[in-house]
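The residues making up each chain are set out below.
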Amino acid sequence: MHLHAATEVLLKARLVREHWSLVFSDLRKATKHKFHDGDFVSVTVDATMDRLRDIVGLDIGQANRGAINELTRTRNAFTHYGHAAPAYTVETQIARVLGFLVDFIRTHLYDSRFPSQFGEEFNDMMERIQVRLGRIDSLVKDRMGDVAAALRGMTDRTVLCPHCRQYAVVIPQEDRDRTEDLVPEAMLHCRFCTARWSSCDLARLYVLEVVGPDNGQLHPCE
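Residues numbered from 1 in each chain as written. Predicted model: local features only at pLDDT ≥ 70, side-chain atom pairs only at ≥ 80, totals over all residues. Heavy atoms only, no water.

This part takes up the overall build of the protein chain. Assigned secondary structure in the protein chain consists of 8 helices and 4 strands. Split into buried and exposed, the 222 residues of the protein chain put 34% on the buried side. Contacts in the protein chain between residues far apart in sequence, at least 24 positions, make up 54% of those at least 6 positions apart. When the accessible surface of the protein chain is totalled, it reaches about 13800 Å², and 54% of it is carbon and sulfur. (Helix = DSSP H or I, 4+ residues; strand = E, 2+ residues; numbered from the N terminus. Buried < 20%, exposed > 50% of the residue type's maximum accessible area, 1.4 Å probe, protein only. Contact = heavy atoms within 4.5 Å. Areas by Shrake-Rupley, 256 points an atom, 1.4 Å probe, with all protein chains shown as cover.)

Right under this line is the structure:
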């Protein structure tokens, strides 16, 4: 939840640098007085990314946007519904979003003209964040290494997990070859984050979160 709040603040800080009115949800109601008092409805995270792309000309990329949107869904589940999530799911989301924020701050927010003392503090803080991020990355890689060993011989029926975004969900042989016999109550799980679903729930979630509205026909250039 703290990381989501930080992400929202940092993205909007770049909007404010472009123009203070851009953080208003309804631009028609933007006034300097309301801005300084904080008396306004702020733009959503998703709309913030749209404005960064369409007005500022700063496209953070589909992969980063997807990671932030996934973090938003997890945050909402924690805040409003009290849902829990497997620790590895949260660790993976943290690693992706925090890695993006480190680059975003350095490239789009930090001003090298700040006083030298602030620059030293900034570099020290960023170094400490990088160290912690490296620990999270190592945890994720070690975990995925163990999972990969257990998935040998099943890669042709292993799909992306909609929660942690790791290739760690194995589709049973009979489910893949005889879809008409799918049993809704049959539980599938991610070998990485341990999330569990019924066959039907996973199918719906996979279409919504992985395949996307373009039905998987568009692929970003790497």
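Having seen the model, we can carry on.
Of the residues in the protein chain, 86% have a pLDDT of 70 or more, and the chain-wide mean is 82. Put simply, helix α7 (residues 173-177) is where the protein chain has its lowest mean pLDDT, 56, and helix α3 (residues 45-56) is where it has its highest, 95. Every residue in residues 175-185 scores below 50 in pLDDT, and together they form 11 contacts with partners more than four places removed in sequence or on other chains. (pLDDT = per-residue confidence, 0-100.)

Attention shifts here to the pattern of salt bridges. In total, this model carries 10 salt bridges according to the counting rule given. The salt bridge involving D124 is made with R128; its shortest N-O contact spans 3.3 Å. Residue D124 and its partner R128 are both found in helix α6 (residues 116-150); the two are separated by 4 residues, about one turn of the helix. Residue classification places D124 among the partly exposed positions, given a relative accessible area of 41%. We classify R128 as partly exposed; its relative accessible area is 47%. (Salt bridge = Lys/Arg side-chain N within 4 Å of Asp/Glu carboxyl O.)

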